[in-house]
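Now for the letters of each chain:
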Protein chains: 2
Amino acid sequence: MLPTDTDSLSLTFAALADPTRRAMLARLAQGPATVKELAQPFTLSMPTISKHLKVLERAGLIQRGREAQWRPAQLQAAPLRDVSAWLEDYRQHWEANFDRLQDYLRKIQKGDS
Amino acid sequence: MLPTDTDSLSLTFAALADPTRRAMLARLAQGPATVKELAQPFTLSMPTISKHLKVLERAGLIQRGREAQWRPAQLQAAPLRDVSAWLEDYRQHWEANFDRLQDYLRKIQKGDS
DNA sequence: TAGCTAATTAGCTAAATGGTAAAGTATGCA
DNA sequence: TGCATACTTTACCATTTAGCTAATTAGCTA
């Protein structure tokens, strides 16, 4: 989609579509961390880490501060709340084997026995 | 991340990071639909629609069948259940203004008053 | 068989993404 | 002032993605 792929949900989903970034969020769920701390589990260069953080920031998933030479990042969960709200419309489809129930309902409606 | 960006959650999030595909899923939540039906709300070419459907299929979000010359698609919600499960670890962070509470706790822990 | 509809495949382009190394900025400290 | 640490910016490369048109496959119907 060319126009406004910048919609908030798309930005959030795109940010979450990378295991490195999800691991960073998991770390930040424990509390704020510096860039170096966030980089530590990975074998990635610092610029790459910086880029990932920028993606998370653009999606509103983290907020960044300044403390001396450190740039601590902090989790901001609001976009995750939006994802959760989006998901709710589909909950019935995965609960209680809803897919198979739907199959059955469709079958009998077509008189397919 | 170079290795196995093909992990299931990443595939699902990437598939959801596009408003066209999310609209297709919303349509499919009402019941199965042919490719043409799914294309109808958009001004996109059929090949483009086909590609979007392939992304959804690869993520396991739809299943496709064959009925004469039609290829009906059907929602498969299991990957959304996985997303929901992943989200749960963060629920406390967005409920009850948890972010601000965390700020406060951090402050008093540092004796920052 | 021919022709129609439905959909995919092939081949292309432009832009975004994820990675790198090298250079630059900001802050604290000797 | 000068140096070390923490991090970002710049410039580059390879891959993926989203879009297109044109051509092809699949199945129904006359």
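Residues numbered from 1 in each chain as written. Chains lettered and ligands numbered in written order. Predicted model: local features only at pLDDT ≥ 70, side-chain atom pairs only at ≥ 80, totals over all residues. Heavy atoms only, no water.

Peer 1: Please set out helix H5 (residues 78–88) of chain B residue by residue, giving values where relevant.
Peer 2: For H5 of chain B, the full list of buried residues reads Pro 79, Leu 80, Val 83, Ser 84, Trp 86 and Leu 87 of chain B. What you see down the axis of H5 of chain B is that its buried residues fit within an arc of 160°, all on one side. Tucked inside the fold, the buried residues of H5 of chain B contact helix H1 (8–16), helix H2 (19–28), helix H5 (78–88) and helix H6 (91–94) of chain A together with helix H1 (8–16) and helix H6 (91–94) of chain B. (Buried < 20%, exposed > 50% of the residue type's maximum accessible area, 1.4 Å probe, protein only. Helix = DSSP H or I, 4+ residues; strand = E, 2+ residues; numbered from the N terminus. Arc of directions from axis to C-beta. Contact = heavy atoms within 4.5 Å.)

Peer 1: Before we move on, can you summarise the packing of aromatic side chains with the specific residues and values?
Peer 2: One pair of aromatic rings is described through two measures. These are the centre distance and the angle between the planes. Applying the stated rule across the entire model yields five aromatic pairs over all chains. Seen from their ring centres, Phe 13 of chain A and Phe 13 of chain B are 6.1 Å apart, and the 35° between their planes marks the pair as tilted. Here Phe 13 of chain A, found in helix H1, pairs with Phe 13 of chain B, found in helix H1, and the two come from separate chains. Judged by its relative accessible area of 0%, Phe 13 of chain A is buried. Here Trp 86 of chain B and Tyr 90 of chain B contribute two aromatic rings whose centre-to-centre distance is 4.9 Å and whose plane-to-plane angle is 40°, an arrangement assigned as tilted. Grouping residues by exposure puts Trp 86 of chain B and Tyr 90 of chain B together as buried. Members of the aromatic cluster, each reached through a chain of ring pairs, are Phe 13, Trp 86 and Tyr 90 of chain A together with Phe 13, Trp 86 and Tyr 90 of chain B. (Phe/Tyr/Trp six-rings, centres within 6.5 Å; stacked < 30°, edge-to-face > 60°.)

Peer 1: I'd like a description of the packing of helix H2 (residues 19–28) of chain B against helix H4 (residues 46–58) of chain B, backed by residues and values.
Peer 2: Residues and elements named next belong to chain B. Running from N to C, H2 and H4 point in directions that differ by 75°, and their axes come no closer than 10 Å. Judged on the interaxial angle alone, H4 and H2 are roughly perpendicular. Facing Thr 20, Arg 21, Met 24 and Leu 25 of H2, the residues of H4 in contact are Ile 49, His 52, Leu 53, Val 55 and Leu 56. Taken together, the residues of the contact of H2 with H4 break down into six nonpolar, two polar and one charged. (Axes fitted to C-alpha atoms, helices over the stretch in contact; angles between N-to-C directions. Parallel < 35°, antiparallel > 145°, perpendicular 65-115°, else oblique. Nonpolar A, V, L, I, M, F, W, Y, C, P; charged D, E, K, R; others polar.)

Peer 1: Before we move on, can you summarise the nonpolar core with the specific residues and values?
Peer 2: Core analysis: the largest hydrophobic core is formed by 59 residues, its most contacted members being Leu 25 and Trp 86 of chain A together with Leu 25 and Trp 86 of chain B. Considering every element that reaches this core, the biggest residue donor is H1 of chain A, with five residues. Beyond its immediate chain neighbours, meaning those up to four positions away, Leu 25 of chain A contacts Leu 16, Leu 56, Leu 61, Ile 62 and Leu 75 of chain A together with Trp 86 and Tyr 90 of chain B. (Core = buried A, V, L, I, M, F, W, Y, C linked by side-chain atoms within 4.5 Å.)

Peer 1: Could you give an account of the relation of the copies chain A and chain B, naming the residues involved and the relevant values?
Peer 2: The transformation that overlays chain A on chain B combines an axial shift of 0.0 Å with a rotation of 180°, and the residual RMSD is 0.0 Å. Given the turn and translation reported, the copies of this chain are related as if by a two-fold rotation axis. Mapped onto chain B, 100% of the interface residues of chain A are again interface residues, and the two copies thus contact each other with one and the same surface. (Least-squares fit on C-alpha atoms with pLDDT ≥ 70 in both.)

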